[in-house]
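Take a look at the letters that make up each chain.
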Amino acid sequence: MNRREALFSLGSMAAAGGLASRAGAVELRGVPKPTEMSADHLPTPARTGGGFRVLTEETDQKTVKAVFDRLIPADDFGPSASEAGCLEFLDDQLSGDYGAGKALYLQTPLRPEIEEEIMGSPQFLATPRERYETGLKALEAYAQENDQAAFHALSPDRIDEILTGLEAGEISLGDDVDGQAFFELMLQNAREGYLADPLYGGNRDMAGWKMIGFPGARYDYRPYVDRRNEDLGLTPVSLIPND
Amino acid sequence: MAKWIKIAGGVVVVAAIGAGGWAWSSLNTSRSNVADDSVTLAEFTSDDAEAIERGEYVMRMGDCAACHTREDGEFAGGYQIATPFGTLVSSNITPDAETGIGGMTEKDFFNAIRQGIGQHGMLYPAMPYTAYAKFTDEDMHDLWAYMSTVEPISNDIDENGGMPFPFNIRLAMAGWDMLFFDNEGFEPVASESDDWNRGKYIVDGGGHCAACHSPRNALGAEVASAYLQGGNIGDWYAPDLTQNPHVGLGGSSAEDIASYLKTGSDGVAVAAGPMAEAVEHSLQYLTDEDALAVGTYLTALPASDTPAPAAASLGDADTARLADVYEVNCSACHGLQGEGIKGMVPAFDGNHGLLTDPTNMIHVMLKGARAAHSHTAETAAGMPSFAWKMDDEDIAEILTYVRNSWGNAGEAVSAGKVGEMREQLGAREPLSNPGS
């Protein structure tokens with residue numbers, strides 16, 4: 001189809017649309033009565049019980065826990081990432097659409113050699129679930145090779161050292177794993193698990209929100225918009241009460 | 001089950017009485033003699049434009065469209081009405097000769113509308129002939145003229161096919177009429193004003209307000225001694241319309257009431273559910289004079305003796321916690337002081353309708369609601385359902401709080417009642433909470 005054809009077809013479509021809407025014009029009266037949210041607009045809570053579905057291997061769980069609890073350790077301000085449910089959050093996310101990369105373009109890049117340059121960050125054909133599977137194995141293998149011990153058994157200082165090296169791109173986890181990107185993925189997921197609504201399995205007792213003073217899912221902030229630079233002391237609110 | 005047998009037995013007795021007393025005054029149709037008995041509706045089309053216009057107004061006043069217009073077409077019937085005695089389906093009242101009322105003469109029409117005697121037998125009182133009996137001859141002539149202009153639609157309806165025995169016996173209604181039907185036209189009260197009389201005519205006649213706002217007895221008849229003192233209509237509660245200062249319209253002016261009828265809101269309460277439908281299909285069409293007349297009549301009603309509801313006891317800690325829940329979930333629309341949004345969202349402060357039977361409040365929390373959509377108030381604001389978010393206990397608590405804040409006092413709402421209504425309305429269960 002050339003430009004002329006395209007313009008013609010566009011014109012006839014517009015004309016047909018005009019005719020159709022005139023012929024079928026029915027006065028819209030009243031408004032839809034139902035005010036319930038349809039099921040597909042509701043959030044999907046993390047599934048309770050039944051244990052892990054993706055991080056099924058104990059070593060993997062321990063490795064993630066070791067990483068997460070160095071990224072967000074327990075202190076006077078709040079619990080650690082794993083205490084706040086970040087592992088359960090991660091497992092639930094990895095078992096669903098996020099883990100399957102439903103929102104990602106996973107076909108071969110057209111220009112693989114300059115893809116990262118164009119996009120500004122590393123690109124992956126693997127889903128997050130696959131990246132965790134390979135990344136955790138590689139991390140464990142790295143510890144076995146360099147420290148002759150399981151990753152989770154390393155001292156906090158040594159774990160910090162490895163994580164710092166990964167973040168800086170100074171540690172290689174082998175050809176199949178982009179260590180720097182894997183570190184960023186884990187950091188992002190730990191933060192999400194710590195700050196997402198408790199409905200999704202993490203942020204237990206809204207610990208993350210309490211720590212940073214985020215008041216949560218309130219409908220309306222008009223009573224507070226004019227109060228600047230003060231601690232409002234608002235109790236955080238989750239989507240489902242009693243979270 | 002025992003109750004069902006009792007009612008069934010009652011109906012049989014009632015039928016027997018009916019059969020024995022056929023000539024009783026309740027079945028006397030001599031009032032219809034003013035109407036023509038030779039031309040059927042199918043053969044007749046009025047050319048009296050003024051009568052047709054007046055007749056349309058009578059149709060609006062009687063809210064015929066609400067029950068007789070569904071997806072099958074204007075006045076083609078098909079609306080299902082769930083009663084304690086089975087499901088009734090509204091009839092086709094277009095002039096179609098085969099499936100509608102085209103075969104009726106004007107006299108037949110009068111008999112059906114004002115006496116409940118239809119072409120297939122007695123009508124069920126879900127069709128408010130008990131109220132329409134008050135229609136004047138002139139209004140009936142006009143309504144007949146209007147109905148003759150309605151497009152005939154072929155739509156065969158089995159009105160009482162969903163009624164189990166013995167309720168599917170239409171003759172039983174003869175006995176029912178004997179007991180409960182006041183077969184008399186409207187008589188103005190000379191000592192009262194024209195406005196008052198016009199208001200009473202609309203309230204008791206076409207408006208058939210008592211059909212919902214009066215309680216009903218075990219056989220489905222309005223309890224005359226509790227006239228307009230509030231009635232439970234299954235999933236909703238039609239509140240007290242008397243001047244009761246606690247739970248009724250005490251304190252409302254005739255103008256407030258007129259505004260409510262025409263727009264769905266008096267500035268405090270907002271019509272929802274079946275009342276919103278009544279405003280949309282019927283009441284908003286009332287002339288200003290007629291709406292005000294209804295207000296004049298209702299404000300003159302003596303107060304019912306329903307006492308002020310007792311306040312629920314909420315501890316200080318509960319009150320503070322629930323104030324936060326209210327602020328988080330409700331205040332965006334209903335206001336921090338329960339002031340609502342004038343004409344759009346109900347206020348809680350000074351809203352008597354929420355202090356009695358909690359059915360409406362629970363219903364709205366579980367299923368959401370929409371205000372009436374009228375010519376003058378088009379927004380029809382919506383209240384979202386909270387069924388996905390709050391469990392029975394949460395809903396009961398916040399409603400108890402609302403009923404006992406800003407000077408309100410009302411009995412506590414029980415979680416059990418919320419649970420019953422969740423099931424009855426088919427409202428969804430709250431989302432499961434992984435933290436619990």
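For clarity, every value in this text was computed on a predicted model and none was experimentally measured.

## Re the overall build of chain A
What chain A contains, in helices and strands, is eight helices and zero strands. Counted from the first residue to the last, chain A has its helices and strands arranged as α-α-α-α-α-α-α-α. Counting all 243 residues of chain A, 36% fall into the buried class. Long-range pairs, those at least 24 residues apart, make up 60% of the contacts in chain A between residues at least 6 apart in sequence.

## What about the confidence of the model for chain A?
Of the residues in chain A, 87% have a pLDDT of 70 or more, and the chain-wide mean is 87. Low pLDDT (under 50) marks residues 6-28 of chain A, which in the prediction has two contacts with non-local residues, meaning those over four places away or in another chain.

## A short note on the packing of aromatic side chains
Counted by the stated rule, this structure contains 18 aromatic pairs over all chains. Both rings, one in Tyr132(A) and one in Phe182(A), keep their centres 5.6 Å apart while their planes meet at 75°; by these two values the pair is edge-to-face. Residue Tyr132(A) is found in helix 5 (residues 128-147), and its partner Phe182(A) is found in helix 7 (residues 179-195); the two are separated by 50 residues along the sequence. Measuring from ring centre to ring centre gives 6.1 Å for Phe348(B) and Trp406(B), while their planes differ by 25°; the resulting arrangement is stacked. Of this pair, Phe348(B) sits in the loop between helix 14 (331-334) and helix 15 (359-367) while Trp406(B) sits in the loop between helix 16 (392-402) and helix 17 (415-424), and the two are 58 residues apart along the sequence. Residue Phe348(B) is classed as buried on the basis of its relative accessible area, which comes to 11%.

## Remarks on helix 15 of chain B
Residue and element names in this part refer to chain B. Where burial is concerned, most of helix 15 is hidden: seven out of the nine residues are buried. Looking at helix 15, one finds that the buried residues are Thr-359, Met-361, Ile-362, His-363, Val-364, Met-365 and Leu-366. Summarising the contacts, the buried residues of helix 15 are in contact with strand 5 (231-233), strand 6 (236-238), strand 7 (369-370), strand 8 (382-383), helix 16 and helix 17.

## Things to note about the interface of chain A and chain B
Facing 32 residues of chain A, the contacting portion of chain B comprises 30 residues. Carbon and sulfur atoms supply 55% of the area that chain A and chain B bury against each other, a total of about 2,700 Å² over both sides. For the chain A face of the interface with chain B, the top three residues by lost area are Thr35(A), Glu36(A) and Tyr219(A), together amounting to 23%. Between the two partners, chain A and chain B, sit three salt bridges. Two residues, Glu327(B) and Arg218(A), come together in a salt bridge whose shortest N-O distance is 3.2 Å. Counting the contacts that link chain A with chain B gives eleven residue pairs in polar contact (both at pLDDT 80 or more). Residue composition of the side of chain A that touches chain B, by class: 18 nonpolar, seven polar and seven charged.

## What about the nonpolar core?
If you look at soluble globular proteins, the nonpolar side chains tend to sit buried side by side. Phe75(B), Phe109(B), Ile113(B), Phe135(B), Met147(B), Leu228(B) and Leu298(B) are the most contacted members of the largest nonpolar core, which totals 71 residues. Look past the residues within four positions of Ile113(B) in its chain and what remains in contact with it is Met127(B), Tyr129(B), Tyr132(B), Ala133(B), Phe135(B), Met140(B) and Leu143(B). Counting 35 residues, the second-largest nonpolar core is a separate cluster that includes Leu55(A), Ala81(A), Ala143(A) and Leu185(A).

## Overview of the pairing of strand 1 (residues 80-83) of chain B
Residue and element names in this part refer to chain B. Pairing geometry for strand 1 and strand 2 (residues 86-89), over four bridges, is antiparallel. Residue pairing across strands places Ile-81 opposite Leu-88, the latter belonging to strand 2. In this antiparallel pair of consecutive strands, strand 1 and strand 2, the connection spans two residues.

## Brief notes about the environment of Phe183(A)
Residues and elements named next belong to chain A. Note on placement: Phe-183 falls in helix 7. Look at Phe-183 and you get buried, because its relative accessible area is 5%. Discounting residues that sit within four places of it in the chain, Phe-183 has contacts with Leu-71, Leu-163, Leu-166 and Glu-167.

## A few points about unusual backbone geometry
Looking along the chain, the bond that leaves Phe165(B) and enters Pro166(B) is cis, with omega of 5°. Position of Pro166(B) among the secondary structure elements: in the loop between helix 6 (137-147) and helix 7 (172-180). Non-glycine residue Met206(A) carries a positive phi angle of around 55°. Take Met206(A): it is sitting in the loop between helix 7 and helix 8 (207-212). A relative accessible area of 10% means that Met206(A) is categorised as buried. The phi torsion at His208(B) lies on the positive side, around 35°, for a residue other than glycine.

## Some thoughts on the packing of helix 15 of chain B against helix 16 of chain B
All names here are of chain B. Where helix 15 contacts helix 16, the two axes come as close as 11 Å, and the packing angle between them is 130°. It follows that helix 15 is oblique to helix 16 by the angle criterion. The hand of the helix 15/helix 16 crossing is right-handed. Listed contacts from helix 16 to Met-361, Ile-362, Met-365 and Leu-366 of helix 15 are Ile-395, Ile-398, Leu-399 and Val-402.

## Considering the confidence of the model for chain B
Scored by pLDDT, chain B comes out at a mean of 91, with 94% of its residues at no less than 70. The ipTM, which scores confidence in the relative placement of chains, is 0.81 for this predicted complex, and the corresponding pTM is 0.87.

Thresholds applied
- Residues numbered from 1 in each chain as written.
- Chains lettered and ligands numbered in written order.
- Predicted model: local features only at pLDDT ≥ 70, side-chain atom pairs only at ≥ 80, totals over all residues.
- Heavy atoms only, no water.
- Helix = DSSP H or I, 4+ residues; strand = E, 2+ residues; numbered from the N terminus.
- Buried < 20%, exposed > 50% of the residue type's maximum accessible area, 1.4 Å probe, protein only.
- Contact = heavy atoms within 4.5 Å.
- pLDDT = per-residue confidence, 0-100.
- Phe/Tyr/Trp six-rings, centres within 6.5 Å; stacked < 30°, edge-to-face > 60°.
- Buried area = accessible area lost by both parts, 1.4 Å probe.
- Salt bridge = Lys/Arg side-chain N within 4 Å of Asp/Glu carboxyl O.
- Polar contact = N/O pair within 3.5 Å; in protein donor to acceptor, adjacent residues only side chain to side chain.
- Nonpolar A, V, L, I, M, F, W, Y, C, P; charged D, E, K, R; others polar.
- Core = buried A, V, L, I, M, F, W, Y, C linked by side-chain atoms within 4.5 Å.
- Pairing = 2+ DSSP bridges.
- Axes fitted to C-alpha atoms, helices over the stretch in contact; angles between N-to-C directions.
- Parallel < 35°, antiparallel > 145°, perpendicular 65-115°, else oblique.
- Left-handed = near helix turned anticlockwise from the far one by under 90°.

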